[in-house]
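Summary of structural features
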Amino acid sequence: MSLFCFQIGLFVSLLCLVLLVEIHATFVCSVNEWNNWKRFVGYSTGPSFIKGSYNDRGEEIRGVGNVCNQDVASEGFTVVRHYEVPECGFVEVDDFISMSKTENEFELNIPRDVQNTIRRIPAITGINVTLPIALVLLDKQNFDTLSKARKAIRKGTVLLEKAGPNDCHSKRGKGDMRVGPKDKIYIQALHPKGAYGGMTYARPAIDIPILYEDDYIAVVNKPAGYPIFANRESGHRRLTIEAALPFVLSPPKGDHIVDALLYPQPAHRLDKPTSGLLLIAKTKEAIVNLSEQFSSRKVKKSYSAIINGSVKNLTNLFVTVNGSEAKKQGAFIEGIEEESSSWFLIENELDEKLAVTFWRVTNETQSLKATDNTLSCVDLKLKTGRKHQLRRHMAQVVGRHIVGDKTYDESIESAMNFRKSGLFLCSRKVLFEHPIYNTPNGTKLWNSCDREQILNNEDSRKCVFVKIQEDGIEKVIVQVSLEYPTKFTALLDREAVRFDKFRDSIS
């Protein structure tokens, strides 16, 4: 009797074990089928990620996944997306094949080109699909057609890692590769050393010199001819300063920085044809603080330009103030020479808002092509910042447009002589309070380590200094200047030589 009971108990235990295995297998496949169904009807929570990769917004994902080969990406690249094929394969492919055979096919959420490919290639099943089909099924948002998937594969941005202990390494994807259950697919993107990661496009061909940079801000020299931001009308797309900055600047390195921007952001605008100093923010606090400084007119800027014509007979039409008075009114006047000099004041309305400009002539050069046979070099100081303020004031108030200004030169004969050379307007000087080091928390950082690091650096020391206010409180000030542009001096020298050579031909 006891032997019989033992046999019955053993049989029941084995039966329970078999049932548990079947339930587990059914549950796993059901979960995968549910996930596949969610992905196809649009409820996908997005692709999974590996340690050290970046999500679709470029944010680094830390401590996620357990990949046997962490160095998945090729040299100079970083993984930006990662997918894993479900353990049961692509159940929807098998469903589509079975429905087609029984002539009971109904509309599935599978792209038409994928359906046609499945019909054309009999060997395709749910556990054996081509790499382009796998990409479309796993991520319809980025690969909504087979053409896009094949294009990404041809560019070398797709890597495939086969499942299994002996295949734990990634290979560059090819269009005829087959993908099965638990295989991993990686999308890699260019990641220049020391620059921002997660870039999905090549570096724009724009040379942007860096004049000052720390973990929070940067000041760069914007070249003329490039817009700062893209817009639908111009169609510049990636050929912008904003798109090039992640390849030029370094991301913040301090562990204490928790509000770093995804990518560096310009803090203000310069017109496309204008060259010169541009302020860049790397953290949220920096961009907010700089925006407030611009709104409250704490940021001081100075421009240089060449205008077409002489102003000797026009100066009596303008109010004249000395440098000290201009400084009191908010102009960026520095040094004994500027304070002792005279400045012309323009104060009128542009677009129904007050616009104030201080300007003076620094030099005149004779030219055969210019109005009055004269090109005048001017310094321009802004108190306000209206759209095209300097260009409009020179052309519409002074009556002498800036050389190369296609918008406001009225296409007069002398203006057409210089149009091919571009606009001769440059932002040469800027002064502002450091957006971080003057805050309570930033002051601690400045006093603890950053002061010594910055002031002992030869390049940084030229741009940063400490100003003691009347109340004894220190202010960390950033001031950056540019030399007179070589483009300006080249034009003036060339016109002076031509004038001396052919002055006798002037009637």
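Residues numbered from 1 in each chain as written. Predicted model: local features only at pLDDT ≥ 70, side-chain atom pairs only at ≥ 80, totals over all residues. Heavy atoms only, no water.

Some details on the pattern of salt bridges
- Per the counting criterion, the structure on display carries 13 salt bridges.
- The shortest N-O distance in the salt bridge between aspartate 409 and arginine 419 comes to 2.8 Å. Separated by 10 residues along the polypeptide, aspartate 409 in the loop between α10 (389-398) and α11 (413-416) and arginine 419 in the loop between α11 and β18 (425-433) bring together distant segments of the chain. Each member of the pair, aspartate 409 together with arginine 419, is buried. (Salt bridge = Lys/Arg side-chain N within 4 Å of Asp/Glu carboxyl O. Helix = DSSP H or I, 4+ residues; strand = E, 2+ residues; numbered from the N terminus. Buried < 20%, exposed > 50% of the residue type's maximum accessible area, 1.4 Å probe, protein only.)

Some words on the nonpolar core
- Ranked by size, the top nonpolar core spans 36 residues in total, and within it Tyr212, Ile217, Ile306, Leu375, Phe432, Val464 and Val480 carry the most contacts.
- Valine 480 has contacts with Leu211, Tyr212, Val219, Leu277, Arg428, Lys429, Val430 and Cys463, leaving out every residue within four places of it along the chain. (Core = buried A, V, L, I, M, F, W, Y, C linked by side-chain atoms within 4.5 Å. Contact = heavy atoms within 4.5 Å.)

Digging into α10
- Most of α10 sits inside the fold, with 8 of its 10 residues counted as buried.
- Where α10 is concerned, the buried positions are Gln389, Leu390, Arg391, Arg392, His393, Met394, Ala395 and Val398.
- Tucked into the core, α10 has its buried residues touching β13 (300-308), β15 (342-350), β16 (353-366), β17 (374-382) and β18.
- Just beyond α10, the residue with positive phi is glycine 399, at close to 85°.

With respect to the pairing of β16
- In this sheet, β16 lies alongside β15 in antiparallel orientation, the contact comprising 7 bridges. Pairing of isoleucine 346 across the sheet is with threonine 357, part of β16.
- The turn linking β15 back onto β16 is made up of 2 residues, and aspartate 351 within it adopts a positive phi angle of 55°.
- Where β16 lies against β17, 9 bridges are found, and the strand directions are antiparallel. Within β17, the position partnered with tryptophan 359 by the bridge is leucine 380. (Pairing = 2+ DSSP bridges.)

Notes on the environment of isoleucine 208
- As for its placement among the helices and strands, isoleucine 208 is situated in the loop between β8 (184-190) and β9 (210-213).
- The class for isoleucine 208 is buried, based on a relative accessible area of 5%.
- With sequence-adjacent residues up to four places away left out, isoleucine 208 is seen in contact with Val220, Asn221, Pro223, Ile241, Ala244 and Val248.

Some details on the packing of aromatic side chains
- One pass over the structure, following the stated rule, counts 7 aromatic pairs.
- With 5.7 Å between their ring centres and 80° between their planes, tyrosine 216 and tyrosine 437 make a pair best called edge-to-face. Residue tyrosine 216 is found in the loop between β9 and β10 (217-222), and its partner tyrosine 437 is found in the loop between β18 and α12 (440-455); the two are separated by 221 residues along the sequence.
- Tyrosine 437 gets classed as buried once you look at its relative accessible area, which sits at 4%.
- An aromatic cluster is present here, built from Tyr216, Tyr437 and Trp446 joined pairwise through their rings.
- One Lys or Arg, lysine 381, reaches over the ring of phenylalanine 332 and ends 5.4 Å from the middle of that ring.
- Over the aromatic face of phenylalanine 424 sits the side chain of lysine 487, whose NZ or CZ is 4.6 Å from the ring centroid. (Phe/Tyr/Trp six-rings, centres within 6.5 Å; stacked < 30°, edge-to-face > 60°. Lys NZ or Arg CZ within 6 Å of the ring centre and 35° of its normal.)

A closer look at a positive patch on the surface
- A contiguous patch of positive charge on the surface is contributed by Arg120, Arg150, Lys151, Arg154 and Lys155.
- Among the elements that take part in the positive patch, helix α5 (residues 146-154) stands out by supplying 3 residues, more than any other.
- Take arginine 150: it is sitting in helix α5. (Patch = residues over 30% accessible without salt bridge, like charges linked within 9 Å, V, L, I, M, F, W, Y side chains within 5 Å. Areas by Shrake-Rupley, 256 points an atom, 1.4 Å probe, with all protein chains shown as cover. Lys, Arg positive; Asp, Glu negative; His and termini not counted. Charge placed at Lys NZ, Arg CZ, Asp CG, Glu CD.)

Topic: the confidence of the model for the protein
- Averaged over all residues, the pLDDT of the protein equals 81, while 80% of them reach at least 70.
- Within the protein, no element has a lower average pLDDT than strand β2 (residues 60-61), which sits at 34, and none a higher one than β10, at 97.
- Predicted confidence is poor over residues 25-70, with pLDDT under 50, and the contacts of this stretch with residues over four places away or in other chains come to 84 contacts. (pLDDT = per-residue confidence, 0-100.)

Some words on a nonpolar patch on the surface
- Taken together, the side chains of Ile8, Phe11, Val12 and Leu15 define a hydrophobic patch exposed on the protein surface, amounting to about 370 Å² of accessible area.
- Along the chain, the position of isoleucine 8 falls in helix α1 (residues 2-41).
- Residue classification places isoleucine 8 among the partly exposed residues on the basis of a relative accessible area of 42%.

A word on the packing of helix α3 (residues 112-120) against α5
- Between α3 and α5, the least distance of the axes is 9 Å, while the angle of their chain directions is 80°. As the angle between them shows, α3 and α5 are arranged roughly perpendicular. Residue-level contacts link Asp113, Val114 and Thr117 of α3 to Leu146, Ser147 and Arg150 of α5.
- Tallied by class, the residues present in the contact of α3 with α5 amount to 2 nonpolar, 2 polar and 2 charged. (Axes fitted to C-alpha atoms, helices over the stretch in contact; angles between N-to-C directions. Parallel < 35°, antiparallel > 145°, perpendicular 65-115°, else oblique. Nonpolar A, V, L, I, M, F, W, Y, C, P; charged D, E, K, R; others polar.)

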